[in-house]
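Chain and residue survey
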Amino acid sequence: MNWDDARVFLAVCRESTLRGAARVLGVDQATVGRRLNTLEHALGATLFLRTSEGYVLTTVGEAALQSVENMERAALELERQALGLDDRLVGNVKVSTTDSLAIDFLIPAIARVHELHPGVQIQLDASSQLISLSKRQADIAVRNMRPENPDLIARRIARWPVGLFASQAYVARNGLPVQGSAFDGHDLVVYGPYLQRNKNLTLVSEPLTRGRIVCNVSSSYLMRRSVVAGIGLGELPVIQGEMDGLVRVWPELTRPHPHEVWLVTHADLRHTARVRAVIDEIVAVFAPGNV
C-alpha cells in the first residue's frame, strides 16, 4: 500500500462516508470511491462494509488500520523534520486559535508578518475545536490550555485576571448587582461548556442561584459580543472587557483561575524560519506593553 492509498483509507475510516473523505482530501467523491475499490482489489480483501450509516471497517480493515496509522506517523514525522530544516522566509504557515484571540491579537500579528516577510502566507483557522499539531493540522496553535503531548513546545504568552462585566446600557436599565444577592433580579450570560462541567455555578465566586441565565454561548467571542449587546452580565478577561469599553462590576473581585494563553508548536518545527517569524510576531503582540 502506498501513502496515497493510505490517505484515502484513513479518510474513509475517519469520516465514515465517501463524501466526507472527499472533502478532507480535496477531491471528488467518485475519485475516493474508485481509489478505494482499486485498493481493495489490489489487497484482495474487503476493508469496509457499506451500511446505511456509512462505511464500517471489516475485521481485515481493523487489522490494516494500525499499520496505516503507523505509516501516517512516519510520513508526518518526515514532513516535520524536513520542514524544520527549512530556512527560507517563504511558504505557508497554518495557525489555529480562538475567534476572540484571532480578532484582537493574531490578525495584528499577521499584518506585521506580511509587512516584514511578504513571502510568508498565513492560513488562519479560528474555532473552538482542538486540532492536532502532530498531524500538521496546524503549525502553531494559540489556545487557553497547555497541551500534555511531550512532543509539543508550549509557552505561556499571557495570564489575565477574569472579571465581571456589563454594558453601559445594561447598567442603565438594570443597575448593578448587590454582592451576596446571588444576582437576584439580574440577567446572566455564561459559557456553555462551563454550564455543563459545573454544578455549583458562580461568576467571580458569586453564586448564580437567584440570577437568570438568559444566554449561554459556545465561544469567548460570542460571550464578549453578548455582554456588549447588553444581554446580561458575564465573565471576561479584564483586558478584553476594557478593550470593549464595558463596565467592570465589582472590580475588586476576579475569578479564582486566571485566563491563560499558550503558544504551542511541534518540536520539529520550532527552527523553521517562517514558523519562527510568525511565532516572534505573535509573542510580540501579546507583550504587556502592546496590549
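You'll find the structure just up there.
Residues numbered from 1 in each chain as written. Predicted model: local features only at pLDDT ≥ 70, side-chain atom pairs only at ≥ 80, totals over all residues. Heavy atoms only, no water.

**Topic: the nonpolar core**
- In terms of nonpolar packing, the biggest core is built from 24 residues, with Leu106, Ile140, Val142, Ile282 and Phe286 touching the most fellow members.
- Within the residue set of this core, elements represented by two or more residues are β3 (91–97), α5 (99–116), β5 (140–143), β6 (152–160), β14 (259–266) and α10 (273–286).
- A per-element tally of this core places α10 first, with seven residues.
- Counting residues in hydrophobic clusters, the runner-up holds 19 residues, among them Val12, Cys13, Leu18 and Leu47. (Core = buried A, V, L, I, M, F, W, Y, C linked by side-chain atoms within 4.5 Å. Buried < 20%, exposed > 50% of the residue type's maximum accessible area, 1.4 Å probe, protein only. Helix = DSSP H or I, 4+ residues; strand = E, 2+ residues; numbered from the N terminus.)

**Some words on the sheet that holds strand β4 (residues 120–126)**
- Strand order in this open sheet of five strands is β4-β3-β5-β14-β6, and the pairing throughout is mixed. Sheet topology places β4 and β6 at the edges, where each strand pairs with a single neighbour. Put simply, the sheet's adjacent strands are angled 20° from each other on average, direction ignored.
- Strands β3, β4, β5, β6 and β14 of the sheet are contacted by α5, whose axis makes an angle of about 180° with β4. (Pairing = 2+ DSSP bridges. Axes fitted to C-alpha atoms, helices over the stretch in contact; angles between N-to-C directions. Contact = heavy atoms within 4.5 Å.)

**Some thoughts on the sheet that holds strand β12 (residues 234–237)**
- Ordered by their spatial adjacency, three strands build an open sheet running β12-β7-β13, and the pairing between neighbours is antiparallel. Pairing within the sheet leaves two strands with one partner each, and these edge strands are β12 and β13 (247–249). Strand after strand, the sheet turns through a mean of 55° between neighbouring axes, direction not considered.
- Examined bridge by bridge, strand β7 (residues 162–166) and β13 share three bridges and lie antiparallel to one another. Each residue of the ladder has a partner; that of Leu164, found in β13, is Val249.
- Packing of helix α8 (residues 220–228) onto the sheet brings it into contact with β7 and β12, and relative to β12 it is tilted by some 120°.

**A few points about the environment of Val227**
- Locating Val227 in the fold gives a position in helix α8.
- Exposure remark for Val227: the relative accessible area of 0% places this residue in the buried category.
- In this structure the C-alpha to C-alpha distance between Val227 and Asp244, which are 17 residues apart in sequence, comes to 9.5 Å.
- Val227 has contacts with Phe165, Ala166, Ser167, Gly232, Gly234, Leu236 and Leu246, leaving out every residue within four places of it along the chain.

**Considering unusual backbone geometry**
- Unlike most non-glycine residues, Ser16 shows phi in positive territory, near 70°.
- Relative to the elements of secondary structure, Ser16 occurs in the loop between α1 (3–15) and α2 (18–25).
- By relative accessible area, which is 26% here, Ser16 ends up partly exposed.
- Non-glycine residue Trp250 carries a positive phi angle of around 50°.

**Here we look at α2**
- Residues Leu18, Gly20, Ala21, Ala22 and Leu25 constitute the buried set of α2.
- Positive backbone phi, at 75°, marks Gly26, one or two positions downstream of α2.

**Examining the environment of Ser67**
- Among the secondary structure elements, Ser67 is positioned in helix α4 (residues 59–84).
- Among the residues examined, Ser67 registers a relative accessible area of 45% and is labelled partly exposed.
- Placed 61 residues apart in sequence, Ser67 and Ala6 show a C-alpha to C-alpha distance of 9.5 Å.

**Thoughts on the packing of α2 against helix α3 (residues 29–43)**
- At a minimum axis distance of 8 Å, the contact between α2 and α3 shows a crossing angle of 105°. Taken together, the axis directions place α2 and α3 in an arrangement best described as roughly perpendicular. Across from Leu18, Arg19, Ala21, Ala22 and Leu25 in α2, the residues of α3 making contact are Gln29, Val32, Gly33 and Leu36.
- Here the contact of α2 with α3 is composed, by residue class, of six nonpolar, two polar and one charged. (Parallel < 35°, antiparallel > 145°, perpendicular 65-115°, else oblique. Nonpolar A, V, L, I, M, F, W, Y, C, P; charged D, E, K, R; others polar.)

**Brief notes about the pattern of salt bridges**
- For the structure shown, the criterion picks out twelve salt bridges.
- For Glu260, the salt bridge goes to Arg159, with nearest N and O atoms at 3.2 Å. Separated by 101 residues along the polypeptide, Glu260 in strand β14 and Arg159 in strand β6 bring together distant segments of the chain.
- Among the salt bridges present, the one from Asp187 reaches Arg212, with a minimum N-O distance of 2.7 Å. With a gap of 25 residues between them, Asp187 in strand β8 (residues 187–191) and Arg212 in strand β11 (residues 212–217) connect regions that are remote in the sequence.
- It is possible to trace a salt-bridge network through shared partners that takes in Asp104, Arg224 and Asp244. (Salt bridge = Lys/Arg side-chain N within 4 Å of Asp/Glu carboxyl O.)

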